[in-house]
Amino acid sequence: TDISLPADAPKQLLPEKHADFLLQYCSSQDNYEYVMTEYLRMSGLYWTASALDLLGRLPDLRQRMDAAAFLRDCARPDGGYGPAPGHDSHLLYTLSAVQVALLFDLRDSLDAGAIAGFVRGLQRPDGSFQGDRWGEVDTRFSFCALAALFLLGLGDRLDDLVDARAAGDFVLTCANWDGGFGTRPGSESHSGQVYCCIGALSILGRLHELDVDRTALWLAERQLASGGLNGRPEKLPDVCYSWWVLASLAMLGRLSWISGERLLRFVCAAQDPEAGGIADRPGDLCDPFHTLFGLAGASLLRLGGDSLKAINPTFCLPVDCLDRHGLRLPLWT
Ligand code: GRG
Ligand code: ZN
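All values reported here derive from a predicted model rather than from experimental measurement. In this numbering scheme, every chain counts its residues from 1 along its sequence in written order. Ligands are numbered from 1 and chains lettered from A, in the order in which they are written. Residues qualify for local features only when their pLDDT is at least 70, as the model is predicted, and side-chain atom pairs are given and counted only at 80 or more; totals for whole chains, interfaces and linings, by contrast, use all residues. Side-chain measures here rest on the full set of heavy atoms in the structure, leaving out hydrogens and waters.

**So, a negative patch on the surface**
In step 1: A cluster of acidic residues, Asp156, Asp159, Asp160 and Asp163, forms a negative patch on the protein surface.
In step 2: Helix and strand labels come from DSSP, where a helix needs a run of H or I of at least four residues and a strand needs a run of E of at least two; each type is numbered from the N terminus. Within the fold, aspartate 163 resides in the loop between helix H9 (158-161) and helix H10 (164-173).
In step 3: By relative accessible area, which is 41% here, aspartate 163 ends up partly exposed. Patch rule: a residue counts if its relative accessible area is over 30% and it has no salt bridge; like charges are joined within 9 Å, and nonpolar side chains (Val, Leu, Ile, Met, Phe, Trp, Tyr) within 5 Å. In these tables, accessible area is a Shrake-Rupley quantity obtained with a 1.4 Å probe, and a residue counts as shielded only by the protein chains included in the view. What makes a salt bridge here is a side-chain nitrogen of Lys or Arg within 4 Å of a carboxyl oxygen of Asp or Glu, nothing more. Positive: Lys, Arg. Negative: Asp, Glu. His and the chain ends are not part of the count. To locate a charge, take NZ of a lysine, CZ of an arginine, CG of an aspartate or CD of a glutamate. Residue exposure (1.4 Å probe, protein chains only): buried if accessible area is under 20% of the type maximum, exposed if over 50%, otherwise partly exposed.

**Quick word on the coordination of the zinc ion (ligand 2)**
In step 1: Within the protein, the zinc ion (ligand 2) binds to Asp238 (OD), Asp238 (OD), Cys240 (SG) and His290 (NE2); these donor distances fall in the range 2.2 to 2.5 Å.
In step 2: Considering all 4 donor atoms around the zinc ion (ligand 2), angles at the metal cover 55 to 117° and the coordination shape is irregular.
In step 3: For the zinc ion (ligand 2), the single-chain donor residues occur in sequence as D-x1-C-x49-H. You can see aspartate 238 sitting in the loop between helix H12 (212-220) and helix H13 (241-251) and its partner histidine 290 sitting in helix H15 (residues 288-300), a full 52 residues away along the chain. As far as burial versus exposure is concerned, aspartate 238 and histidine 290 are alike and both buried. Only nitrogen, oxygen and sulfur atoms qualify as donors, and only when within 2.8 Å of the metal (3.2 Å in the case of Na, K and Ca); with water excluded, sites may look incomplete. Geometry is assigned from donor-metal-donor angles: four donors are tetrahedral when every angle falls between 85 and 135 degrees, four are square planar and six octahedral when opposite donors sit over 155 degrees apart with all other angles between 65 and 115, and any other arrangement is irregular.

**Here we look at the side chain of asparagine 230**
In step 1: When you line up the elements, asparagine 230 lands in the loop between H12 and H13.
In step 2: Residue classification places asparagine 230 among the buried positions, given a relative accessible area of 2%.
In step 3: In protein, a polar contact requires one atom able to donate a hydrogen and another able to accept it; more generally it is a pair of N or O atoms within 3.5 Å, and residues adjacent in sequence count only if both atoms are side-chain atoms. A polar atom in the side chain of asparagine 230 sits 2.7 Å from the side chain of arginine 222.

**Brief notes about the site of ligand 1**
In step 1: Taken together, 18 residues form the shell around ligand 1, and within it Gln99, His190, Arg232, Lys235 and Tyr241 come nearest.
In step 2: At 2.5 Å from an oxygen atom of ligand 1 is found a side-chain nitrogen or oxygen belonging to arginine 232.
In step 3: Within the contact set of ligand 1, an oxygen atom lies 2.7 Å away from a side-chain nitrogen or oxygen of tyrosine 241.
In step 4: Surface burial for ligand 1 is 73%, taken as the share of its 750 Å² of free accessible area covered by protein chains.
In step 5: Those elements that provide at least two residues to the shell around ligand 1 are helix H6 (91-103), helix H8 (139-154), helix H11 (191-204) and H13.
In step 6: No other element matches the 4 residues that H11 contributes to the shell around ligand 1. The rule for a residue being near a molecule or strand is that one of its heavy atoms must lie within 4 Å of it.

Below you can see the structure in the form of structure tokens.
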């Protein structure tokens, strides 16, 4: 299943337009979409801020909002973060909160010990992580747990804080015969889960335990004739897989296994040339999520020209942000 690119679709990346779109999106409090997404607002702020930072326009957002106050209001007594004030904590929003803190240079305002305690409390005996106190297990949460600890500067203490060995063992049991990974052992391969599992293994320094070529081949097969990437076989292409698939290939050192030029053509076609922003596919409504992952993919491919900063494939943060905080995976040095 694929789409064809409209003949009149944009052919060039429109970085200034995207900065306008992102700033507009989060400054209009009465924006219907913005109000709608309260249950994931902390992640929304991360997507917006990370995309603006890639574009060199994060100072514009800093001027317009008080990120320190928002972080404070979303912190919970259990040490985790919720998506918005008054919501329960979850690993998804706890990772986003740490990412936001790094982007806005607010790491010192976080209680790293309390966050680490929250993360530790969600690990299960088999090494997996549940996302919150309700108990759903997913390889996304393994990644969120390890990434949050690493980004707090606790990367060299992972073994004291959680059972790092068991965390990696669990992720490896979620590998499928086709080379992909799923949410739990035996579940269907999906590119988003592949990103989380490879990301977790990259933090643990255990990528070499994978059949790298088999996984990279499954990822490369995600590219369709339109140039776009899908999340699993028989599905439609979607701009966000420019991140989930490409970042995974980058971590495996196999970025050249897909055609970057054809992918960029697909991403460009999903832009709104008037209001800015990138959608999941051409003709659809733009949002900060697909805008970040479209730009982040272009950054990995180094096809954004001078308009995009370099991005780290494990953490989806600009490389200069990680450098500034002294955060470096041995693999990426
Ligand atoms: C730091 C970038 C970053 C992420 C944090 C939460 C997380 C870690 C990663 C999410 C990975 C994931 C599961 C992405 C997939 C998202 C997505 C588009 C799901 C859609 O699934 P379907 O079944 O769509 O609706 P398809 O494309 O399969 O038809
Ligand atoms: Zn998508």
